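Chain and residue survey
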Amino acid sequence: MKNNQEIGSLLLRIILGFTFFMHGLDKFQGGIENFAAGFPSMGLPSFLAYFVAFIELVGGISLILGIGTRIFSGLITCIMIGAIMLVKLRDGFLGGYEFDVVLMIIALHLVLNGSYLLSVDSKLLQLKSASSRKAHEESLVNERTS
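Residues numbered from 1 in each chain as written. Predicted model: local features only at pLDDT ≥ 70, side-chain atom pairs only at ≥ 80, totals over all residues. Heavy atoms only, no water.

An unreviewed UniProt entry lists the protein under the name DoxX family protein, with Metabacillus rhizolycopersici given as the organism. UniProt, in the comment section headed Subcellular location (unreviewed entry), describes the protein in these words: "Cell membrane". (UniProt positions renumbered as here; feature names shortened; annotations may be inferred.)

Now the structure itself:
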């Protein structure tokens, strides 16, 4: 059962990462200045648009690779809350913010559960764990020989 949950989380992580990578890439290729120009009308400073686009682009790549999954998913959750509240809410659910809610819930799932299958984070955790075990074993040997 645990393996099925990890496969599910892996699929969610990859599709969320790809979706946000593409959205971030589109913002930079389409002229980030155009995206930033709309922020003051929402009561937000223009520089925040660069932060959002950067998180989408880099966060998307990071999610695909499984680097900082919970952190980037948390940031994406915040971005989606902002998008829903400031831009999409007035359009209603259908044809408005339904897709944003789905992306937000996927991101929230990854914040709560993580995703370690085929992730760089899991490999780093394995290396750290092996290193800690080795250091502990060496300290036990040193205590016995002292």
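1. Details of the packing of aromatic side chains
Under the criterion given, the structure shown has two aromatic pairs. Ring geometry for Phe 35 against Phe 39: centres 5.0 Å apart, planes inclined by 75°, an arrangement best described as edge-to-face. With relative accessibility at 6%, the residue Phe 39 sits in the buried group. Here the aromatic rings of Phe 93 and Tyr 97 are separated by 5.4 Å at their centres, their planes lie at 85°, and the arrangement is edge-to-face. (Phe/Tyr/Trp six-rings, centres within 6.5 Å; stacked < 30°, edge-to-face > 60°. Buried < 20%, exposed > 50% of the residue type's maximum accessible area, 1.4 Å probe, protein only.)

2. Topic: helix α3 (residues 47-65)
An ideal rise of 1.5 Å per residue puts 27 Å on 19 residues; α3 measures up with 27 Å between its terminal C-alpha atoms. Among the residues making up α3, those that are buried are Ala 49, Val 52, Ala 53, Ile 55, Glu 56, Leu 57, Gly 59, Gly 60, Ser 62 and Leu 63. Buried-residue contacts for α3 involve α1 (2-29), α2 (32-37) and α4 (69-88). Phi turns positive, to about 80°, at Gly 66, one or two residues after α3. (Helix = DSSP H or I, 4+ residues; strand = E, 2+ residues; numbered from the N terminus. Expected span 1.5 Å × (residues − 1). Contact = heavy atoms within 4.5 Å.)

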